[in-house]
Amino acid sequence: LDEEERGCRQVEMTQDAYVALLRMVKKTKMFANVPDEVIGEIGQRFELWEFDSGVPMIQQGQRGEAFFLLYEGRASVWARRGMLKGLHELARLDPGDVFGEISIILDAPANATVKGIGNVLVFVVSRSLVEYVMSKNPQFSHQLEEMVTLRCMDAAVRGKEESSGLPIGEFLHSFSRFKEMFRSEEEHDETPAKQKKPK
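What you see is a predicted model; the values in this text were computed from it and never measured.

Reading the values: rules and limits
- Residues numbered from 1 in each chain as written.
- Predicted model: local features only at pLDDT ≥ 70, side-chain atom pairs only at ≥ 80, totals over all residues.
- Heavy atoms only, no water.
- Phe/Tyr/Trp six-rings, centres within 6.5 Å; stacked < 30°, edge-to-face > 60°.
- Helix = DSSP H or I, 4+ residues; strand = E, 2+ residues; numbered from the N terminus.
- Buried < 20%, exposed > 50% of the residue type's maximum accessible area, 1.4 Å probe, protein only.
- Salt bridge = Lys/Arg side-chain N within 4 Å of Asp/Glu carboxyl O.

Caption draft 1: Structural view of the packing of aromatic side chains. A complete count under the given rule lists four aromatic pairs for this structure. A ring pair is formed by Phe68 and Phe99, whose centres lie 4.9 Å apart and whose planes are at 5 degrees; its orientation type is stacked. With a gap of 31 residues between them, Phe68 in strand β4 (residues 66-80) and Phe99 in strand β6 (residues 98-99) connect regions that are remote in the sequence. Pair check on accessibility: Phe68 and Phe99 agree, each one buried. Centroid distance Tyr71 to Phe123: 4.6 Å. Interplanar angle 35 degrees. Geometry classified as tilted. Residue Tyr71 is located in strand β4, and its partner Phe123 is located in strand β7 (residues 113-126); the two are separated by 52 residues in the primary sequence. Each member of the pair, Tyr71 together with Phe123, is buried. Following the ring pairs from residue to residue traces out a cluster consisting of Phe51, Phe68 and Phe99.

In structure tokens, the structure reads:
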């Protein structure tokens, strides 16, 4: 579809927007230990997009193809848990917040839908670039995996881990195992009721 028909469009990356992007990137936890030259290289690959109010930037159940950084406006996070459950708002996002990274890191369908409250401007970079930076920077990759693992943990377990000061590895055998668990849960949720085997 044409960009206008989809309710989104790429806009010019001005110098002010680019400076704001670099500042935001450096402040995000996931890029905290990434060298400045790498951040500069990544920054040049970001695009600036405008999404109309209510148009999904990420759709639950679909494979995430981009990493987003909210520039202007606010967004809401919605999710449906289980086939018969309704859609619920889980969180609100403000400028500087990131989203889309979980689907990329876990290589799994997005577990929530994100759409703007009013029109929003977002910095967007492709999945392929994030994966490339991860492959070239093991520390960045590890930090992303740790952040995603914490975010996906049950709130009670996450609080225990954070207060203990122990590495996440003490609670999970490995990140790859965690990815398998997450994928299994997604596949179970998407299985039609008539295809599920009786217990």
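Caption draft 2: The pattern of salt bridges, seen in detail. One pass over the full model with this rule turns up eight salt bridges. The shortest N-O distance in the salt bridge between Glu50 and Arg9 comes to 3.1 Å. Here Glu50 is found in strand β2 (residues 47-51), whereas its partner Arg9 is found in strand β1 (residues 8-11), with 41 residues between them in sequence. Looking at Arg9, the relative accessible area reads 14%, which means it is buried. Of the charged contacts, one joins Arg127 and Glu65 as a salt bridge, the two residues approaching to 3.7 Å between their closest N and O atoms. Of this pair, Arg127 sits in helix α5 (residues 127-136) while Glu65 is found in the loop between β3 (56-58) and β4, placing the two residues 62 residues apart along the sequence.

Functional significance is not addressed by these values, which are geometric in nature.
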